[in-house]
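Structure at a glance
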Amino acid sequence: MSQTEAKPGAGNRRRLVDADAHIDPPYEFWGEYLPNHLKEFAPKIEEEDDCDYIVFEGKRRPVLMINNQAGRDAKDYKMKGKISEQRNARSPETRLADMDLDGIDAAVLFGGGPLGTMNSELYIASFEAYNRWLMDFSKAAPKRLIGVAYLPMRDIDETITMVKKAAALGYRSVNIPAFPQSKDGVSTSMKVQAIQMAAGAALAGDPSGDKSYADPEFDRLWAVIQDLDLTVTIHLGGRIPRFGQKEHFLPDLVMSKLAMAEPVGIMIYGGVFERFPRLRFGIIESGVGWMAWMAEYMDRIWERHRYWTANDLKKPPSVYMEQNIWGSFINDRTGILMRDLPGGRNIMWSSDYPHSETSFPHSHDVIARDFVGIPEADINQIVCDRAAKLFSVPQ
């Protein structure tokens, strides 16, 4: 089946709020949303017979297809290709039509953010351009398209300013790198051949850097986010899959989920949620089957090691896992079955549209399969109500 021939599943329809859908802006948007004096530096597209290429700062790289496989049979997946072969999820009309086809009532949109540039001014301007574009995109259906602003984390004052700008634009959620970034925002120990270093740093930060989100200097930021009643998310941990490298991709994809436990552990053991009990922290596309195990394991090792490590948490770590951490999944029957265990309760379903793991256009059938035997009230919480509350989805 080609990507244009996608047919919906036949599962029973229920209200769905997709906790993690993806949006990559059209490449031409940079030339429209960047400041006038930076427009000349925007990426350009060159079309070839077999593949399109992105030309940016003297480099030419092929358009990757892995992030846009919605409606395509798995046997037809490929890594590189032409924009015309992709599903036009960049168009609000196509996006909403596909949501109708798949029976999705509202979708939380995570996407792209910065340009992979070493030009500091252009780098920050690209975050702001993306955030303005996404807010305009969402206006096509503000009760159904719920954007998440993207922020850098190289300088706390800079990030605080951008948090306030995002809130002023109307965002209720912001996404940050999984770890603080280096001072230039670009250099990182997490390098992937197929991804520009700056783009990777915007997702992972610098996992081997000398700063931690538990450091007191970040408390000013958490205070602002908490006071503005925003949800803060990360989308990948310290491991980014090596796209295009067949020998590494599958195990990397597994580790990209589990690696998100590290930022959570740092913030819990570092007392961030003790100091900021109303801070909501989402780990997106994390999978959730490991969360209940992590909560229990954190408690057990804390009981043994809290004294010599001088860890002075006032409550067991699992309390903060319950109080402050939410996770999303695509296919995770294990996590669903552990939904009543400490650490495993704050879980949310997602479609991952239009990425390669997406359940589109059979999301209702996938839910019917994965939630067999689960009470209706629990299903509704996981596939709708919890994400609607976390991301402030309008009624």
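Residues numbered from 1 in each chain as written. Predicted model: local features only at pLDDT ≥ 70, side-chain atom pairs only at ≥ 80, totals over all residues. Heavy atoms only, no water.

This paragraph deals with the sheet that holds strand β3 (residues 52–56). Pairing is antiparallel across the open sheet formed by 3 strands, whose spatial order is β2-β3-β4. Each of the sheet's edge strands pairs with one partner strand only, and the pair in question is β2 (44–47) and β4 (59–62). Adjacent strand axes in the sheet meet at a mean angle of 30° when their direction is disregarded. Pairing of β2 with β3 involves 4 bridges; the strand directions are antiparallel. If you follow Lys 44 over to β3, its bridge partner there is Val 55. (Pairing = 2+ DSSP bridges. Helix = DSSP H or I, 4+ residues; strand = E, 2+ residues; numbered from the N terminus. Axes fitted to C-alpha atoms, helices over the stretch in contact; angles between N-to-C directions.)

Moving on, we come to unusual backbone geometry. With the exception of glycine, most residues fall at negative phi, and the peptide bonds are largely trans. Residue Tyr 353 is joined to Pro 354 through a cis peptide bond whose omega torsion reads -5°. Examined against the element boundaries, Pro 354 turns out to sit in the loop between β12 (347–349) and α13 (363–370). Cis geometry marks the peptide bond from Phe 360 to Pro 361; its omega dihedral reads 0°. Structurally, the position occupied by Pro 361 is in the loop between β12 and α13. One non-glycine residue, Glu 57, lies in the positive phi region at around 50°. Overall, Glu 57 belongs to the partly exposed group, its relative accessible area being 46%. (Buried < 20%, exposed > 50% of the residue type's maximum accessible area, 1.4 Å probe, protein only.)

A few words now on the packing of aromatic side chains. Applying the stated rule across the entire model yields 14 aromatic pairs. Aromatic side chains Phe 29 and Tyr 33 sit 5.8 Å apart centroid to centroid with 50° between the ring planes, which places their arrangement in the tilted category. Pair noted here: Phe 29 and Tyr 33 are both in helix α1 (residues 29–33), with a separation of 4 residues, about one helical turn. Linked through ring pairs, Phe 29, Trp 30, Tyr 33, Tyr 130, Trp 133, Phe 137 and Tyr 150 together constitute an aromatic cluster. Of note, Arg 60 hangs over the ring of Tyr 53, and the distance from its end group to the ring centre comes to 3.9 Å. (Phe/Tyr/Trp six-rings, centres within 6.5 Å; stacked < 30°, edge-to-face > 60°. Lys NZ or Arg CZ within 6 Å of the ring centre and 35° of its normal.)

Turning next to the packing of helix α8 (residues 261–269) against helix α10 (residues 291–305). Between α8 and α10, the least distance of the axes is 12 Å, while the angle of their chain directions is 45°. Taken together, the axes of α8 and α10 lie oblique to each other. Viewed along their axes, α8 and α10 form a crossing whose handedness is right-handed. Residue-level inspection shows Ala 261, Val 264, Gly 265, Ile 268 and Tyr 269 of α8 in contact with α10, the latter providing Met 294, Met 298, Ile 301 and Trp 302. (Parallel < 35°, antiparallel > 145°, perpendicular 65-115°, else oblique. Left-handed = near helix turned anticlockwise from the far one by under 90°. Contact = heavy atoms within 4.5 Å.)

The quantities given are spatial measurements derived from coordinates; they are silent on function.
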